[in-house]
Amino acid sequence: MSFSQSFFADRFGLTEHDLENYLSEALSAGGDYADLYFEYLATSSIGIDEGIVKSATEGVTLGVGVRVITGERTGYAYSDDLSPEKIRKAARVAALIAKGPATVIKSGFEETKRHNLYAMLHSPNEMTLAERVEFVKRADLAARAYDKRVFQVQASYADSLRQVMVATSDGTLSFDRQPMARMSVVVLARENAESSPQHGYAGGGGRITLDFFLNEKTPEHFAIEAARQAIVQLGAIDAPAGETTVVLGPGWPGILLHEAVGHGLEADFNRKGTSAFSGKIGQQVASPLCTVIDDGTIHNRRGSLNVDDEGVATQKNVLIENGILRGYLQDKLSSRLMKAAPSGNGRRESYQHIPMPRMTNTYMLAGTSDPEEIVKSVKKGLYCTTFGGGQVDITSGNFVFSATESYLIEDGKLTRPVRGASLIGNGPEALKYVSMVGRDLQLDEGMGVCGKEGQSVPVGVGIPTVKIDKMTVGGTAA
Amino acid sequence: MALNDLEQIAADMVQRACALGASDAECTLSEGEEFSAAVRMREVESLKEAGSRGAGIRVLVGEKGAQKTGSSYTSDLSKEGLEKMVRAALELAKITTVDPFAGLPEASELGKLAIDLQLYDASVAQMDAQWKIDQAKRAEEVALSFDPRITNSEGASFDSHVGRRVFANSRGFVGSYQSSSCGLSVVPIAMEGEKMERDYWHTSARSAAKLESADEVGRIAAQRAIRRLNARKVPTQKVPVVFEPRTARALLGDIFDAVNGSSIYRHASYLAGKLGETIASEHLTVIDDATIPGLFGSCPFDDEGLTSRRTVVIERGVLKSYLLNTYTARKLGLRSTGNASRGITGNAGVGPGNFFIEAGKQTPAEIIKGISSGLYVTELIGGGGNTVTGDYSSGAAGLWIENGELAYPVSEITIAGNMKQMLREIEHVGSDLEFRGSVASPTLMIREMTISGQ
């Protein structure tokens, strides 16, 4: 695509010359680097609750963020108005970080190489609203039909299309058109009107076209999964308390990697020496069975990007190889200061936010064990298949993730379901106790949102069935 | 009264929606300017300054008791942008379902508090950037030089924000208010041997004059980080648990979720159907009050245009009221408590005003003194309460209480119980209530929870 055909040139009459002018303005007081991030985001969402389509919302936000970097310092300003005077004003505000003679930029831009990971022809919101409202209605019906104990269903569908353009003082220019769609279903079930209810949740999607919900993962798929979880919980007993062997099922339990190692390997923390993983490159931080990858290049995944939010093509990065710490997740600022290459992990929530190193899709490579054999090998422990959220203190390395569906393992067999409980461990230690890795790697269904310093971005996770010999489970049963 | 420019736009949008076929409409506008200075290791790390605006509209189409709803928003406040927004909402209303409980509040319920809530201090918009940077630098400097074991820092920041929120609806309401806030925080890192621990302290207020001093913020943050060093992992056991105000606040947030009308009408709360019943110990009184001048949860009217008020939620252990907006109140056959809350568009949810636990008489030291062995929780991570079942499980760090005194730090443990039982087992409520945000609690002690550790 040439610049003149791009969304922002076409829609707002921007020229390459304008971009050069704005970048020159941004570097008018000096500085090593400047960039402009143009964003146009159109969203829509539909919600059903109690069988009634109660909400339908659409919206548009638009703006540009201007960043100036000088050494370790960043100046940032943004405008929700793309008029030349407003962009220039933002550039002048961002320039306040630097104090010196103007930095001259070379003229002309070269377009960055980017992947083609999501269908560019159709975006989710090119399907009519009437077609999309069917998704939530179908989910509502399917969840209710699953079991007569289901008594409340909330289903929602949301999609967005983000148009992005990044122009840098290095002379690079990148465009991307990023679709996203997600369904989610919340179900409540109870034995009768007097008994206490239980809750189930499922959802998924990605950077997909809408035939995904028609052909691959249907509304019924998510509805039945949410209803199944709620029904299972009706028979759950109290979760155990204390250290035990934990087996994680494949897929979404990969949130373990996101919390235990992913955040701690973000380059900003390591550059500053504030991560429990700081200075540990080349050291053993996990069992030799563990190889952990962050990969922004998987087709149609929620965490994937053709180019990151600094205009750098995403890539597949090895974080831990056979238990040895190999690399960090880099953005432009940290990679420049650490004299490393950017890894395509510079991301931001919107034009109002300063980019920083973030994960994309984080997963563990498959091992060789048979998943059934893994469960069979455990005399007494916990098998966790579904999780809610998680959190990590990157400095101490302590992390928590919350199991919402788990089963006791007794003499190699899954016996009773147990109620929700938090699991806690320490990042550089927890994966050393991994003693079996299954051959059944699965990625999650596409519902992850990662928060860092107030910025939320979509991410993916994945893991095969994994046995961890020792982990602390926060239940109440002795 | 003359309308200001944004009020006029909001009123015009409501009128425009009705002219295009809406039977009712409500419009929210907001504008804000933010400033943020971050320093780290005595140097400026980033400066950010910008402003933005947004508009949202919600329309209702059809006759009263049989209305459909559509919503939209935009950051483009040009005439064309706003017109597109109104038309999009009307188009969206076509695909929703008639909901007999949807609809605006009655005109008689609308209103604004007449008193000065002191939400806006003009000085915040005029604060000198260098002064703000210096505050952050000072807080970090104090933390870094507090103790040789403070070896690093995630930095300190000074943030400020001024904004205006406008609301209008087709029942004749037009109102707006300005607000300001500023805050200073610092995150020092303590190190001993190979182990690092970080903690933070934060102060925020509607005006700079009401902030704690940078020295105080730096000192407290450093003390907190230092006292976490050499933490142990204790054995799994059941003991009394004391939540300091910072963590008690998170617990109170879980109580808010359980009295939120949206959870109540769906039977998605362990407190559904319990109005008038004793659900907590007699030491617990929980209030929601959006009328207290200067606090972060205060506002003259809620996000549906109802006058802000004070609601007693739990009185000496008895559940007195849920927190409701118009919709959830209608679903439950009750009256709104003026707690409607939303971003810029969409159906209103339920949000807190100043939601707090009334202070008790004992100081934290007196509470701790009565415990022979227990946990003092200074940080909660991950997890929390399940509103549907009341099950509670969270990661925690803190200090171990031995013979009535804080003895040594503990970490990498979880605490668990069930909120239904935890509420009944609140044995002490501290005298140390402070408003650091819209949800505030003094120190709380719960008779027994399960600690998972070694």
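Residues numbered from 1 in each chain as written. Chains lettered and ligands numbered in written order. Predicted model: local features only at pLDDT ≥ 70, side-chain atom pairs only at ≥ 80, totals over all residues.

### Concerning the overall build of chain A
Within chain A, the secondary structure is distributed over 11 helices and 23 strands. Over its C-alpha trace chain A gives a radius of gyration of 24 Å, about what one expects of a compact globule, namely 23 Å for 478 residues. Its C-alpha atoms give chain A principal-axis dimensions of about 70 × 55 × 35 Å. (Helix = DSSP H or I, 4+ residues; strand = E, 2+ residues; numbered from the N terminus. Rg over C-alpha atoms; globule rule 2.2 N^0.38 Å.)

### Focus: the overall build of chain B
Secondary structure assignment for chain B yields 10 helices and 20 strands. The principal-axis extent of the C-alpha atoms belonging to chain B is close to 70 × 55 × 40 Å. For chain B, the residues scored as buried account for 55% of the 454 residues in total. Expressed as a percentage of contacts within chain B between residues at least 6 apart in sequence, the contacts between residues at least 24 apart total 72%. (Buried ≥ 20, exposed ≤ 12 C-beta atoms within 10 Å, placed from the backbone. Contact = placed C-beta atoms within 7 Å.)

### Structural notes on helix H4 (residues 129-144) of chain B
All names here are of chain B. Between its first and last C-alpha atoms H4 spans 23 Å; for 16 residues at 1.5 Å apiece the expected length is 22 Å, and the two agree. All of the buried residues along H4 are Lys-132, Gln-135, Ala-136, Lys-137, Arg-138, Ala-139, Glu-140, Val-142, Ala-143 and Leu-144. Structurally, H4 contributes buried residues whose contacts are with strand E1 (24-40), strand E4 (150-169), strand E5 (174-192) and helix H5 (214-226). (Expected span 1.5 Å × (residues − 1).)

### Some points on the sheet that holds strand E11 (residues 318-319) of chain B
One key point about sheets: their strands pair by backbone hydrogen bonds, in either a parallel or an antiparallel sense. Residues and elements named next belong to chain B. An order of E11-E10-E9-E14-E19 is seen for the 5 strands of this open sheet, with the pairing classed as mixed. Only two strands of the sheet have a single neighbouring strand rather than two, namely E11 and strand E19 (439-440). Across 2 bridges, strand E14 (residues 355-357) lies against E19 in parallel orientation. Bridging from a neighbouring strand, Phe-355 pairs with Val-439 of E19. (Pairing = 2+ DSSP bridges.)

### Quick notes on the packing of helix H1 (residues 5-19) of chain B against helix H2 (residues 79-93) of chain B
The relative placement of two packed helices comes down to the angle between their axes together with the axis-to-axis distance. Residues and elements named next belong to chain B. Where H1 contacts H2, the two axes come as close as 10 Å, and the packing angle between them is 45°. Accordingly, the angle class assigned to the pair H1 and H2 is oblique. Between H1 and H2 the crossing geometry is right-handed. In contact with Met-13, Arg-16 and Ala-17 of H1, H2 contributes Leu-82, Val-86, Ala-89 and Leu-90. (Axes fitted to C-alpha atoms, helices over the stretch in contact; angles between N-to-C directions. Parallel < 35°, antiparallel > 145°, perpendicular 65-115°, else oblique. Left-handed = near helix turned anticlockwise from the far one by under 90°.)

### Points about the interface of chain B and chain A
Across the boundary between the two partners, chain B contributes 58 residues, which contact 64 residues of chain A. With 10 residues, strand E2 (residues 43-61) of chain B is the largest single contributor of residues to the side of chain B that touches chain A. The residue inventory of the side of chain B that touches chain A, partitioned by class, reads 14 nonpolar, 30 polar and 14 charged. Where strand E2 (residues 52-70) of chain A lies against strand E3 (residues 68-74) of chain B, 4 bridges are found, and the strand directions are parallel. (Nonpolar A, V, L, I, M, F, W, Y, C, P; charged D, E, K, R; others polar.)

### Topic: the nonpolar core
Grouped together as the largest cluster of nonpolar side chains are 186 residues, with contacts concentrated most on Ala-26, Ala-90 and Ala-94 of chain A. By residue number, the principal contributor to this core is helix H6 (residues 245-259) of chain B, which donates 7 residues. Discounting chain neighbours no more than four positions away, the residues touching Ala-94 of chain A are Ala-26, Val-66, Arg-67, Val-68, Gly-75, Tyr-76 and Ala-77 of chain A. Membership of the second largest hydrophobic core comes to 73 residues, among which are Tyr-73, Leu-104, Phe-167 and Ala-348 of chain B. (Core = buried A, V, L, I, M, F, W, Y, C linked by C-beta atoms within 7 Å.)

### Brief notes about the environment of Glu-405 of chain A
All names here are of chain A. Tracing the sequence through the fold places Glu-405 in strand E16 (residues 398-410). Residues Glu-405 and Glu-111, spaced 294 residues apart in sequence, show a C-alpha to C-alpha distance of 47 Å. Contacts of Glu-405, omitting those with residues within four sequence positions, involve Gln-229, Val-232, Thr-385 and Thr-386.

### Overview of the domain arrangement of chain A
Residues and elements named next belong to chain A. You can read the domains of chain A as domain 1 (3-234) and domain 2 (241-474). Opposite the 38 residues of domain 1 that make contact, domain 2 presents 28 residues. Those elements that place two or more of their residues in the side of domain 1 that touches domain 2 are strand E1 (33-49), E2, strand E3 (73-79), strand E5 (150-168), strand E6 (172-189), strand E7 (198-206) and helix H6 (219-234). Top contributing element to the side of domain 1 that touches domain 2 by residue count: E6, with 7 residues. Each residue belonging to the side of domain 1 that touches domain 2 can be placed in one class, and the counts come to 11 nonpolar, 17 polar and 10 charged. (Domains from an automatic or database assignment.)

### What about the domain arrangement of chain B?
Residues and elements named next belong to chain B. The assigned domain composition of chain B is domain 1 (5-37 + 45-109), domain 2 (123-226) and domain 3 (231-454). In this structure, domain 1 and domain 3 have C-alpha centres spaced 33 Å apart. Breaking the side of domain 1 that touches domain 3 down by element, the ones donating at least two residues are E1, E2 and E3. Broken down by class, the residue content of the side of domain 1 that touches domain 3 amounts to 5 nonpolar, 7 polar and 2 charged.

### What to know about H6 of chain A
For H6 of chain A, which comprises 16 residues, the first-to-last C-alpha distance of 23 Å matches the rise-based estimate of 22 Å (1.5 Å per residue) to within 8%. Along H6 of chain A, the residues that are buried comprise Pro-219, Phe-222, Ala-223, Ile-224, Glu-225, Ala-226, Ala-227, Gln-229, Ala-230 and Gln-233 of chain A.

### Comments concerning the confidence of the model for chain B
Detailed conclusions should not be drawn from predicted coordinates in areas where pLDDT is low. Here chain B shows a mean pLDDT of 97. Residues at 70 or above account for 100%. Complex prediction metrics read pTM 0.95 and ipTM 0.94. (pLDDT = per-residue confidence, 0-100.)

### Re the packing of helix H4 (residues 129-146) of chain A against H6 of chain A
Residues and elements named next belong to chain A. With their axes 8 Å apart at the nearest point, H4 and H6 run at an angle of 40° to one another. In terms of orientation, H4 and H6 fall into the oblique class. The handedness of the crossing between H4 and H6 comes out as right-handed. On H6, the residues that touch Phe-135, Arg-138, Ala-139, Ala-142, Ala-143 and Tyr-146 of H4 are Pro-219, Glu-220, Phe-222, Ala-223, Ile-224, Ala-226 and Ala-227. For the contact of H4 with H6, the residue count by class is 11 nonpolar, no polar and 2 charged.

### Side note on the environment of Arg-271 of chain A
All names here are of chain A. Mapped onto the secondary structure, Arg-271 falls in helix H8 (residues 267-271). For Arg-271 and Ser-335, which are 64 residues apart along the polypeptide, the C-alpha to C-alpha distance reads 9.0 Å. Arg-271 has contacts with Ser-334, Leu-337 and Met-338, leaving out every residue within four places of it along the chain.

### Some points on unusual backbone geometry
The backbone of Glu-50 of chain A sits at a positive phi, close to 60°, despite the residue not being glycine. The partly exposed category is assigned to Glu-50 of chain A, around which 16 C-beta atoms lie within 10 Å. Residue Glu-412 of chain B is not a glycine yet carries a positive backbone phi of 55°. With respect to the helices and strands, Glu-412 of chain B occurs in strand E17 (residues 405-418). Accessibility expressed as a C-beta count within 10 Å gives 27 for Glu-412 of chain B, which makes it buried.

### Remarks on the pairing of E3 of chain A
For E3 of chain A, a buried count of 7 out of 7 residues is recorded, marking the element as mostly surrounded by other parts of the structure. Covered by surrounding structure in E3 of chain A are Arg-73, Gly-75, Ala-77 and Ser-79 of chain A together with Thr-74, Tyr-76 and Tyr-78 of chain A, the residues of both alternating faces. Bridge count for E2 of chain A against E3 of chain A is 7 bridges, and the pairing is antiparallel. Paired with Val-68 of chain A across the bridge in E3 of chain A is Gly-75 of chain A. Taking the residues between adjacent antiparallel strands as the criterion, E2 of chain A and E3 of chain A are bridged by 2 residues, where Gly-71 of chain A takes a positive phi near 60°. The sheet contact formed by E3 of chain A and E2 of chain B spans 3 bridges and is parallel. When the bridges of E2 of chain B are listed, Tyr-76 of chain A appears paired with Lys-48 of chain B.

### Points about the pairing of strand E10 (residues 316-321) of chain A
Residues and elements named next belong to chain A. Note: strand E9 (residues 292-295) against E10, 4 bridges, orientation antiparallel. From the neighbouring strand, Asp-294 faces E10, where its bridge partner is Asn-317. Two strands pair when backbone bridges link them, and E10 and strand E11 (residues 324-325) are joined in this way by 2 bridges, in the antiparallel orientation. Paired with Glu-321 across the bridge in E11 is Ile-324. Linkage of E10 to E11, two consecutive antiparallel strands, is achieved through a turn of 2 residues, within which Asn-322 is found at a positive phi near 50°.

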